[in-house]
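# Examination of the molecular architecture
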Amino acid sequence: MSQLFPRLTDKVLRIALGVVGLMAVTGGGVAAYLLHPEQVDTGYTPKQPIAYSHKLHAGDLGIDCLYCHTSVDKAAFAAVPATETCMNCHDRVKPQHPEIIKIRESYATGNPIPWVKVHKLPDYAYFNHQAHVTAGVSCVSCHGRIDQMIEVKQVEPLSMAWCLNCHRNPAASIRPAELVTKLSWKPDRDPAEIGREIIAAKNIHPPTNCSGCHR
Amino acid sequence: MSSVDPTLVQLSPNSEPRKYWRSLDELANTPKFRDWLHREFPESASELVDDKSRRTMLKLMAASFGLAGLTACRRPEQKILPQSKGIEDYIPGKPQFYATAYTQGGVASGLLVECHDGRPTKIEGNPRHGYSLGSASAFAQASLLNLYDPDRAKYPMKEGVRMKWDDFTVFAQPHFAGLGQGQDLRFLVEPSSSPSLAAVKQHALSKYPGAKWIEYEPLNRDEAIAGAQIAFGQPLEVHHQFEKAEVILSLDFDFLGLDSPTILPVKQFSNARRVESKEDHMSRLYVVEPSYTVTGGMADHRLRSRAADVRTVAAELLKQLGGLTVLNGATTPHGRWIAAAAKDLKAHAGKSLVVAGPRQPAAVHALVALINQQLGNLGQTVTYTKVADGWRPQLEQLKELAADLAAGRVKTLVILGGNPVYTAPTDLALADKFKQVPVSILLSEQDNETAAVVKWALPETHYLETWGDALAADGTPTVQQPMIEPLYEGKSKSELLALLTGYKDKRPYDIVRNQWFASLPGDKEKAWRKALHDGIVESAPKAAPVSATPNAQKVSEAFAALKPAGQGTEVNFFASAGAYDGRFSNNAWMQEAPEPMTKLTWDNAALLSPATAKQLGVESGDLLEIAVGGAKTPMPALIQPGHADNSISISLGYGRTRVGRVGNGVGHNAGAVRTSDAFWFGSGSVAKTGRKYPLSHTQEHFSMEGRPIVREATLEHFHHHPDFAKHAVHVPKLFSLYDEHTYEKGAQWGMVIDLNTCIGCNACVVACQSENNIPVVGKDQVARGREMHWIRLDRYYSNDPNDPQVVTHPMACQQCESAPCEVVCPVAATVHSPEGLNEMAYNRCVGTRYCANNCPYKVRRFNFLEYHKDITEVGKMAHNPDVSVRMRGVMEKCNYCVQRIQEARIAAKADGRRPIRDGEVKTACMQTCPADAIVFGNINDPESRISKLRKQDANYGVLEELNTRPRTTYLAKLRNPNPELA
Amino acid sequence: MADLALQQQLDPVNPPLVLGERDYHGITKDVAQIGEGKTPKQWYIAIGITASITGILGLMLLYLVVNGIGVWGNNSPVGWAWDITNFVFWIGIGHAGTLISAILFLFRQKWRTSINRAAEAMTLFAVACAAIYPLFHTGRPWRAVYWLFPFPNPALDMWQNFRSPLMWDVFAVSTYGTVSALFWFVGLIPDLATLRDRAIANNDKLRSYIFGTLSLGWRGSAKAWKHYELAYMILAGLSTPLVLSVHTIVSFDFATSILPGWHTTIFPPYFVAGAIFSGFAMVMTLMVISRWALNLQHLITMKHLENMNKIMLATGTVVGYAYATEMFIAYYSGNMYERFAFYNRAFGPYWWAYWTMVSCNVLVPQIFWFKKLRLNIPVMFVASLLINVGMWFERFVIIATSLHRDYLPGSWGYFRPTPVDMLTFFGTFGLFLTLFLAFVRFLPMIAISEVKGIMPHGKAHAAHSEVAH
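This is a predicted model, so every value here is computed, not measured.

## Observations regarding the overall build of chain B
The helix and strand tally for chain B stands at 32 helices and 40 strands. Expected size for 982 residues packed as a compact globule is a radius of gyration near 30 Å; at 28 Å, chain B falls within 12% of this value. Judged by the C-alpha coordinates and their principal axes, chain B covers about 85 × 75 × 65 Å. Residue burial in chain B is summarised as follows: out of 982 residues, 66% are buried. When contacts within chain B are restricted to residue pairs at least 6 apart in sequence, those whose partners lie at least 24 apart make up 74%. In the structure as shown, chain B presents an accessible area of about 33,100 Å², 54% of it carried by carbon and sulfur atoms. One finds the centroid of the 111 positive side-chain charges in chain B at a distance of 2 Å from the centroid of its 109 negative side-chain charges.

Have a look at this one:
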């Protein structure tokens, strides 16, 4: 009886099978990589309604973070400042600058400035600034060198694994509480060592159980 | 406090944000704002995390689990809206607590209200207030939901047409100017103890000397006051010292439950009942009542008796005590019982107490005054104080009004609060009469039945929205502070009255402040601020007790004049544990809170004893028709073991026709057969309709099946065998297959619940619901066994099925140290914390329900459906932002209010990294428990109250023999029966 | 028909497993023709019906996913009800196939040959039906897939809970499904080749290419046969322990819990016996139908049916024994909760379920002690149906009645199924039958090559022998 398939069919089929298998594996790997917060969330740099530069204010002018984010060491939230706070200086400083005019408008009308949120935690997760800042975790650990950013950008994935990583071995990211807002701080010796001392002194033990963050 | 709050913009994106704040109004109208509202998701989980954003995100997640990738392409942009002008000492996300006052039956309880970012989210008792002492009743707590009731009266309405306040004033001012002496003007008012309202009232009555001021409350204490009138010749308010009393006899008085406007009696009673060591003693309680109340549930000896027969018990008691004989012929079969009680009372003369309930006629109250005098209790456990001048029985006043209306003597009727059309006795037929009045004005929180028949229906502010004041029962002035600006266009009673009568002050704040400011001692501004902070004006004088002796002659006359108990079945009217008198009909929390004895939800029913049911040939769920006089109403039957025979009890507040989406058509209207001469009880008839009516219970089985769940003994037995509870079941040495957690280090949380003082009042259930954003599921879902309450109060009957004793068993997650649920969860969504909590990670839960199946206590609750989807935007304002709102398909349960633990821990760390102090963390249930039956704390700290309680002999764990090692343990239930009756 | 009966009477002790005047070619023809001839109208009608029932299943699942499992009757305390009942029920059905093919193969039970193919197919379809439930009973299947499938998650840095029997289920069931599928397919290869060749012969292009591809270029060379036999043997060896392990592990879902009525060491053997029991019942139901519908009386002989009846009698009795043991142990334990759980089964609100179970599973199979009844087709058909009913109730009794009254009377409840519950279950039958009908239509439902292997040799080449004469 006649040949139904050409001679090579068998070989072709086998190779095809192998290729498909390979593609499935690599595809899965690639997907896993791409969907990881590392890729998904880091680098998020939304356009803000007002071209406010942290580099200028926090960096060059050296205004302390706490000047605006007043509640960072008192509450869960490092409140975004009221327009009033800007006006403390800007009713005198560059009052005619087009961006500043927006601010004064908001101040006059009472309409909030709709800042765009940059650092978004996963749902069901509760983060508390006070707990971290008072323990001696610097802003830089999660937000990066804000003082060098013209536009604020998310630099860390803020994924659960990333949080846990630090909660499991905090030493490297703990510094004297009074230095948390000194983003450029460079200790003269191994920071982890300093961290360990502080951890011992304050007996810091970050929670790694669910309710530490999820309620 | 009344600040422009940005979060509300986010809370209510495209739904009517205009309704909340004038200033928001402006904001919401700017085109720029509207523009981005529609362009973006404005649900911003900004730093002011609100549940809505989370839920929206959940919906997105639900759309597809691959969404994580998609959102990456362009993740929903979220906004942060800081205030334009900062607010002093306001930190976003930090809750603030303010003192205010809740009034029920004209009596104030002090409250402390937790506000998140300008919206009240949780109501607690004010520890400084003598009648709250930190606790709040279920009603007081649930009143929060009335504030956010989407069906409230919102705008002035004229015959059903929406109007502006200006329209009203334009009409009202000339009209009231033209009333002259006010002969044909009537005020029908909810009784209130508010001095500032009284001042405006004085002004009004002086301006219109011809006008009449009628006060009416469907559940009033008039009979008690009238009783004093008989006994002492003057109307007096009676006060009881349940703490001082060693023997108490209650005549149809649910003083632990619905008959007390405040929770103070519970506090006093439980203090006298608490047994913490084998030396301790406890008071003894005798109860005589028709229906089973929580008070009856606590009784050591309970005598079920028709309300009309209570008087004979009282008379017999007086006789036994050697007082005069007022029994006119009538005899009681309970001679032995009464004799024993009398002996017992006598033995504790001066330290005993006999009380009668508001449902009993004045003569019985008068007789009780006589009894207490006989026992030397006057001035000891019973005191009397003056009531406001010009007191007259409300029913009398109301009848008079009805007569005036009928005679057309009323041209202008102003109704301040209340819902007379629904609550007044049917024979007065107020609805039709109101329609005849040329000018009728109603001020009410609810858009209710009365609003349907008046010309002008005006919105009243909720008490959390406006300034006011009220007196505690002992006369302590209690300041009512607003937590939030009026959500709608409401005005307060005094505000409207001031408007109508041209009072000197117009704004509620001025009316209240000027009422007190002058009388304040020392630095007035400072004193005023302190009053606001404490919630009370301490400097004000308390009501002085009146010392008077009852006039036996008058009493026996009055007693002889009592109209005899009628024939036929006795019909009793009670306040309902859910809707009270109807003011909570549209309150989903109260509708779903199970009635303490029957565990009935979303309904009222005709309670009757098994014997009576047999005799009538009815069973639970049969629809009856109840007739009193000419009036009739349908009512489903529900067999209540321990109910008096030949008598039924029906509760008020149901069968509403116009109250809102929650309450409309729920239950049947008992008020339809409540007439002015059968106001509390009267003889009627019961007929079967042959139809059935479904009732939803949260509990279906009331027998303990001989299992050692609630372990109970008499006080005497306890004195000899203090550790009896430990020996109720043999617990061998048990081991776990898995390596076990170690609990040596750090705080280890635990809870002890004292079954001996728990009265089963639902306060903890509502507190938990409010604190933890627990959804309400509705009648149908309850019927399917899907109620979501994290803490449930199991009710068990024991002994004689016709006349049983009851125990209450509060049951929430026991936080087992070796928890069966944890092992079986395939995704590790419920795991153990190093502090001994059994935790739920809601976002990890896939919903296999295996954990619930494997929980021997069945305390896990599953979101079978999306129970939050019907919550309105304004309803969402009641949510606690510190707790997630769970979506469907997620398991949830009690977690010892872990959010409060975290808060306390962070505070303690910030405060020099000290350990958390004992009592610093209070779970919501513990915080509010009126009986202080729940104690939570660190069992690793030997000094903590809880570790002391756990060391007690009476302490035991339920189902310990399963090696679950529950962290929640119980103190055994004790009773103190009279040996003569044992 | 008559002569078939006669032939059986000729050798009552060891009747031939293939009857009638058939030679190899005849067998091939009988089996292959089912798929080749013009599709009969009845088939279209049948699959039309079953497919629409499957449609109902689809709608119900959609409705479930949109609203949550509240559309079912499940509640607290009865967290699992019809969902897991049906899951266990279908998994149980899925047992006979592999048992027949693998174990009977290893035991050299020749009589298996004409039924094993269909039984294996049935296994696969049953597992497919079963798999629906663990997935959908969460109400959010996408989450179940996402979380239950153990893969390293770099964003979370956490794993599933490998202590949970449900996790074990995931592995047990998926493994069983995979191996059964392989086993079935490998067994098919020679026959697929046969179909291919016949297709070429009738130069039916489409069929020849389809079967050509599926038969993986089978040529039937001695070498190929050698490998084939080995592969088949190995797979048989592999799936044998699985037959026992799957339901053992499914039973762990209950046995490892602390619920009275679940927490029982007897469950693994008890469940396996029950599974085989129900599996054979289902095979019987299908075989009786198909041998009648497709006139395969000479291939699926009385001997086959009788043997299956014997097995049902045996397993049914084992199950009955298990019920008795449970009861006794509950009493003997002296544990009040255990005692109550079993008292409640027999005399509680669900007494009717319990007694249905007992009568269907224990009493019904006893009729097979009598040869007359073992050989009576209507009787065995009805019996097989009743047994499946009984086995469904067994699972319901274990799951629902244990849950609805456990430790604290205050939390006791009652379970009532909703229409959605019922229609979903009904729908799974639609799916099952649709798949089976498709299988019968397009694939050789009887292992041609194997049947040939067990033919009495005298008849093997009847045609040629005639020539010889």
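There is more to say, and it comes next.
## Regarding the sheet that holds strand β2 (residues 96-104) of chain B
All names here are of chain B. Ordered in space as β2-β3-β4, the 3 strands form an open sheet in which the pairing is antiparallel. Strands at the two margins of the open sheet, each flanked by one partner only, are β2 and β4 (119-125). The average undirected angle you get between the axes of adjacent strands in this sheet is 40°. Note that strand β3 (residues 107-116) and β4 share 6 bridges and pair antiparallel. When the sheet's bridge partners are listed, His-116 is paired in β4 with Arg-119.

## What about the pairing of β4 of chain B?
Burial of β4 of chain B is extensive: 7 of the 7 residues sit out of reach of the surface. From the end of β3 of chain B to the start of β4 of chain B, which pair antiparallel, there are 2 residues, and Asp-117 of chain B there has a positive phi angle of about 45°.

## Structural notes on the interface of chain B and chain C
Put simply, an interface is often sized by how much accessible area is lost when its parts join up. With 59 residues of chain B in contact, the opposing surface of chain C contributes 60 residues. Taking both sides of the interface into account, the surface hidden between chain B and chain C amounts to around 4,700 Å²; carbon and sulfur atoms contribute 56%. The tally of links from chain B across to chain C stands at 3 salt bridges. Measuring nitrogen to oxygen at the nearest pair gives 3.0 Å for the salt bridge that ties Lys-858 of chain B to Asp-406 of chain C. Taken together, the connections running from chain B to chain C amount to 34 residue pairs in polar contact (both at pLDDT 80 or more). Contributions of two or more residues to the side of chain B that touches chain C are made by α4 (51-63), β31 (792-798), α27 (820-824), α28 (850-853) and β35 (861-862) of chain B. Top element by residues in the side of chain B that touches chain C is α27 of chain B. It accounts for 4 residues. Considered class by class, the residues forming the side of chain B that touches chain C number 31 nonpolar, 11 polar and 17 charged.

Cut-offs applied
- Residues numbered from 1 in each chain as written.
- Chains lettered and ligands numbered in written order.
- Predicted model: local features only at pLDDT ≥ 70, side-chain atom pairs only at ≥ 80, totals over all residues.
- Heavy atoms only, no water.
- Helix = DSSP H or I, 4+ residues; strand = E, 2+ residues; numbered from the N terminus.
- Rg over C-alpha atoms; globule rule 2.2 N^0.38 Å.
- Buried < 20%, exposed > 50% of the residue type's maximum accessible area, 1.4 Å probe, protein only.
- Contact = heavy atoms within 4.5 Å.
- Areas by Shrake-Rupley, 256 points an atom, 1.4 Å probe, with all protein chains shown as cover.
- Lys, Arg positive; Asp, Glu negative; His and termini not counted.
- Charge placed at Lys NZ, Arg CZ, Asp CG, Glu CD.
- Pairing = 2+ DSSP bridges.
- Axes fitted to C-alpha atoms, helices over the stretch in contact; angles between N-to-C directions.
- Buried area = accessible area lost by both parts, 1.4 Å probe.
- Salt bridge = Lys/Arg side-chain N within 4 Å of Asp/Glu carboxyl O.
- Polar contact = N/O pair within 3.5 Å; in protein donor to acceptor, adjacent residues only side chain to side chain.
- Nonpolar A, V, L, I, M, F, W, Y, C, P; charged D, E, K, R; others polar.

Worth remembering: the numbers are spatial, not functional.
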